[in-house]
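Okay, here's what each chain looks like letter by letter:
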Amino acid sequence: MSERQIDEEKRATLRRFAALGAASPLAGLGASGTAAADTETTSDARDAIVGYVASTPGAHFSKIRDDLELGTGETQHHLRKLVDDNVLVSRRDGDYKRFFSAGRFSAFEQVALGYLRRRTPRGMLVELLRNPGSSGADLAAHLDVSRATVSGYARELDEAGLLSRDGAYTVQNPETLLLVVVRFADSFGPDAVELAAEADSLVRYDP
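Residues numbered from 1 in each chain as written. Predicted model: local features only at pLDDT ≥ 70, side-chain atom pairs only at ≥ 80, totals over all residues. Heavy atoms only, no water.

Caption draft 1: Spatial organisation of unusual backbone geometry. One non-glycine residue, glutamate 69, lies in positive phi territory at about 60 degrees. Tracing the sequence through the fold places glutamate 69 in the loop between helix H3 (61–67) and helix H4 (72–84). Even without being a glycine, asparagine 173 presents a positive backbone phi close to 50 degrees. (Helix = DSSP H or I, 4+ residues; strand = E, 2+ residues; numbered from the N terminus.)

Caption draft 2: Highlighting helix H6 (residues 119–130). With 12 residues, H6 ought to run about 16 Å at 1.5 Å a step, and its terminal C-alpha atoms sit 16 Å apart, in line with that. Burial within H6 is extensive, with 11 of its 12 residues counted as buried. Those residues of H6 not exposed but buried are Thr120, Pro121, Arg122, Gly123, Met124, Leu125, Val126, Glu127, Leu128, Leu129 and Arg130. (Expected span 1.5 Å × (residues − 1). Buried < 20%, exposed > 50% of the residue type's maximum accessible area, 1.4 Å probe, protein only.)

Caption draft 3: Region of the structure containing the nonpolar core. Judged by nonpolar contacts, the single largest core of 33 residues is most densely connected at Leu125 and Leu162. Breaking this core down by element, the ones donating at least two residues are helix H5 (107–116), H6, helix H7 (136–143), helix H8 (147–159), helix H9 (174–183), helix H10 (185–188) and helix H11 (190–197). If you tally residues by element for this core, the top one is H5, at six residues. Here leucine 162 is in contact with Phe108, Val111, Ala112, Tyr115, Leu125, Leu157, Thr170, Val171 and Gln172, once residues within four sequence places are set aside. (Core = buried A, V, L, I, M, F, W, Y, C linked by side-chain atoms within 4.5 Å. Contact = heavy atoms within 4.5 Å.)

Caption draft 4: Representation of the packing of aromatic side chains. Tallying each qualifying case throughout the model produces two aromatic pairs. Taken together through their ring pairs, the aromatic side chains of Phe100, Phe105 and Phe184 make up a single cluster. (Phe/Tyr/Trp six-rings, centres within 6.5 Å; stacked < 30°, edge-to-face > 60°.)

Caption draft 5: Representation of the side chain of arginine 65 in the model. One can find arginine 65 in helix H3. By relative accessible area, arginine 65 is classed as buried at 19%. Engagement of the side chain of arginine 65 in a polar contact is seen with the side chain of threonine 72, the distance being 3.2 Å. Once residues lying within four places of it in the same chain are set aside, the contact partners of arginine 65 are Leu70, Gly71, Thr72 and Thr75. (Polar contact = N/O pair within 3.5 Å; in protein donor to acceptor, adjacent residues only side chain to side chain.)

As structure tokens, then:
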């Protein structure tokens, strides 16, 4: 494949993600205004990052870089500029730095999105939304992981304010968490998509 073909495929990828973000109801501020003096390629890259983060909130640096097919230095430059311009905000999550559209999410939602981007914690939260009160053994069997793995993540989720371990495991603020899962189900994976399809039956009207 020639360099020209590679460049055209990269540009098509950037524009596709920019368009995806523009179509999102939670798309944040555009990046074009911050890039008025930049080249077209730079503007495409910055717009694509804004669109990608709008549709995949909580994505970390490496995920953004790889999915948009950008270089490490290029991604660092644009993310720094977007954070400085208050278009995006970042939050440290262990070894990761996760990115969100500015002004769109509460601290609880940002933490929740970070854990929903991780396979086992997401599986635990999704299963507990579907079947409240599931035990550690139930979750381990459903996710095909060890009890120790479930216990370790349950402790983390408890400390993060997403889960209560008093008696049976219980999701904290389940309505908020369910709404986050439903809004961005396609970006999480099949388990979240399945839950989103069941969301109406999980919401109870209790005047």
